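# Report on the structure
As a plain string of letters, each chain reads:
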Amino acid sequence: MALSLRQKQTQCVVRMLNLNQPVSSGGTADEEVYKVLILDKFCRDILSPLIRVKDLRKHGITLYFTIDKERQTIPDVPAIYFIQPTPTNIQRIVVDASRGVYESFYLNFSSSLPRPLLEELATGALKSDCVQRIAKVYDQYLEFITLENGMFSLAQPSTYVQLNDPQAQDKDIETIVEGIVNGLFSVLATLGIVPIIRCARGGPAEMVASMLDSRLRDHLISRNNLFTEAGSLGSSFQRPLLCIFDRNFELSAAVQHDWSYRPLVHDVLGMKLNRVSVHGDAAAPGGGKGKGAVKSYELDDSDNFWVANSSAPFPKVAEEVEAQLGKYKQDVEEVNRRTGGQRDMDFDGQELIGNTKHLMSAVNSLPELTERKKIIDKHTNIATALLGEIKERSLDSYCTMEDDMLAKGSIDRNGLLTVLKGKGTQLDKLRLAIVYLLASETTIPADVEAIESTLKESEVDLSAFQYVKKIKSLNISLASSSAGSKNNIVDWAEKLYGQSLSAVTAGMKSLLSGGRQLAMTRTVEALMEARPNPDIDNYLLFDPRAPKSSSGVGSHSKGPFKEAIVFMVGGGNYIEYGSLQELAQRQQPVKNIIYGTTEVLTGAEFVEQLTVLGQKMGLGGVGPSH
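Attention here is on the structure that accompanies the text. (Residues numbered from 1 in each chain as written. Predicted model: local features only at pLDDT ≥ 70, side-chain atom pairs only at ≥ 80, totals over all residues. Heavy atoms only, no water.)

Here the focus is the sheet that holds strand β3 (residues 78-83). Backbone hydrogen bonds hold the strands of a sheet together, and the pairing may be parallel or antiparallel. Here we have 5 strands laid out as an open sheet, ordered β2-β1-β3-β4-β5, and parallel in their pairing. Only two strands of the sheet have a single partner each, and these edge strands are β2 (61-66) and β5 (134-139). Here the average twist between neighbouring strands, direction ignored, is 15 degrees. For strand β1 (residues 35-39) and β3, the ladder comprises 4 bridges, and the chain directions are parallel. Bridge assignment links V36 to a residue of β3, and that residue is A79. Against the sheet, helix α1 (residues 5-17) contacts β1, β2, β3 and β4 (104-109), and its axis sits at roughly 150 degrees relative to β3. (Pairing = 2+ DSSP bridges. Helix = DSSP H or I, 4+ residues; strand = E, 2+ residues; numbered from the N terminus. Axes fitted to C-alpha atoms, helices over the stretch in contact; angles between N-to-C directions. Contact = heavy atoms within 4.5 Å.)

Among the secondary structure elements, T159 is positioned in helix α6 (residues 159-164). Aside from chain neighbours lying at most four places away, what touches T159 is I176, I180, G570, T598, E599 and Q609.

End to end, helix α7 (residues 170-191) covers 32 Å across 22 residues, agreeing with the expected 32 Å (1.5 Å per residue, within 8%). One or two positions beyond α7, positive phi appears at G192, with a value near 70 degrees. (Expected span 1.5 Å × (residues − 1).)

Turning next to a negative patch on the surface. Where like charges cluster on the molecular surface, the negative patch consists of D170, D172, E174 and E178. Its location among the elements puts E174 in helix α7. (Patch = residues over 30% accessible without salt bridge, like charges linked within 9 Å, V, L, I, M, F, W, Y side chains within 5 Å. Areas by Shrake-Rupley, 256 points an atom, 1.4 Å probe, with all protein chains shown as cover. Salt bridge = Lys/Arg side-chain N within 4 Å of Asp/Glu carboxyl O. Lys, Arg positive; Asp, Glu negative; His and termini not counted. Charge placed at Lys NZ, Arg CZ, Asp CG, Glu CD.)

A negative phi angle is the norm for most residues apart from glycine, just as the trans form is the norm for most peptide bonds. P589 follows Q588 through a cis peptide bond whose omega is -15 degrees. The phi angle at S158 is positive, at roughly 55 degrees, despite the residue not being glycine. For S158, the location among the structural elements is in the loop between β7 (151-153) and α6. Judged by its relative accessible area of 31%, S158 falls in the partly exposed class. Phi is positive for N274, which is not a glycine, with a value near 65 degrees. Relative to the helices and strands, N274 resides in the loop between α11 (261-269) and β10 (275-279). Overall, the relative accessible area of 2% leaves N274 in the buried class. (Buried < 20%, exposed > 50% of the residue type's maximum accessible area, 1.4 Å probe, protein only.)

Evaluation of the coordinates by the stated rule reveals 30 salt bridges. The residue D301 makes a salt bridge to R6 at a minimum N-O spacing of 3.6 Å. With a gap of 295 residues between them, D301 in the loop between β11 (294-298) and α12 (304-309) and R6 in helix α1 connect regions that are remote in the sequence. Owing to a relative accessible area of 10%, R6 belongs among the buried residues under this scheme. Close ionic contact of D428 with R393 constitutes a salt bridge, the shortest N to O distance being 2.8 Å.

With that settled, consider the nonpolar core. F245, Y261, V265, M520 and V524 are the most contacted members of the largest nonpolar core, which has 73 residues in total. Looking at which domains feed residues into this core, each of domain 1 (5-142) and domain 2 (147-250 + 510-610) supplies at least three. Formed by 38 residues, the second largest nonpolar core is a distinct cluster that contains A450, A464, F465 and L610. (Core = buried A, V, L, I, M, F, W, Y, C linked by side-chain atoms within 4.5 Å. Domains from an automatic or database assignment.)

Written out as structure tokens, the structure reads:
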């Protein structure tokens, strides 16, 4: 029973578009009923990766609007609202209903509507005498965005800054944690599962785990329980694991440059909600930046080239595009040869009369050829745009340098300074410098000074660099002063770079995965195996279905687990997603791992959050920092 979040979420959305009636076997809502759809921005983003605008028509949606725009009255039509439960949205609904903008209102909230807001809705509707127009109110538990079968985001911006802000009050932190728990609860309700929860002690990960545990416990004793999974699936059902991490557990993955296709398209071309924009004739000879229309492409599981190659290293993707183009040309030649047509596919009726059979098969292969050509052109354009950026910013040298530092812990000071003085944006340089801090167990003051002055020459704002330096020195002093409480801080040297595993297994693992394995991936692997292991023995365990007293430390979870949800608090990325997918594929039999995060961030976006924190702590800046 593979957890497919995308499939489950799509089913919920389609049912909602069908006025929450069961959907016909074809998986489409009733087309006969014309409906309008009203969304807020957040819910529009939820739908965007799941359902294309042209597909809304299949479900009887003739028009869709955003809730904050002025809208004309459309009598005799039911309206489906899909919005977050916020005071502003409730006020808009009451105004729309009192004006009778639509005949009936089906209200779908992306997460459960809090009692005070429900009362506000009721009072407002009574006052303006429009209760009869409000047909139904539903809690949909869809407060998350599914980007791929195995990846979701809660789209909660700047969580890292909010949780690490030195000025944050307890109640601020609690509100953020509540928002995260709300999103995770939606994911679990959509999947219909109550997992066993594991996390490291202390910090945001434990706060989220503990609050989620309470929320699930409270819900399991309520009457309308959303989680009936064990009952329907019999005794063979094994519950999945939910592993919660805090971004500080492995900062390097949020900052480093990567060489695989999907992380590059995200980090360099700014893919958002599975869409990426590139200059149309980037692929034309001499068609540099600024020329040609901007083309927008969707990258999801309907594109088989993307599915097959998104985790491959970039040079291999470029080769594959070439190979596919060659094969396409061959197939076109073949069609031409069979139909006796001219080289340019000119089907002239006369000479084909005796050739009907060949013609039929040729005509049948045309749509498939056209589709293939479209996909080849798309990836040619994307790869060309990437190549332009890679050359202009010399990104390959950043990837190599960072990987050497992180995998081997070897610092080549001169090489590092050469890259920092060379090509690349200010943020590229800052990211490399931060990876240097994270990769070295102890830094040499003279090296740090040389790096800082090189960054200043490029007028780089040093706040983020100073911030990481500061938390690193705090962690080292904490680690040496209190061996006992070592676990609840980021123990950089050991935890991040696998020094705690014996050298033998470290060598083997890097061979298996074709490179360095992320600390997070290694930990997830150990948690899924659920055998005694010093790396995870102090991880907490919460089981919302067990008696309260039994939660706490321990590896007595019934493993090994076939499925896991891995959640990163404070911003995730496609590097981690790729690493977990690779882990899942490597297992025998193949396991299923879903990766989620508070928001998906490029390296540059994450460094901007570090910069904000550095500034809040009064560190850094562009000028000399003495």
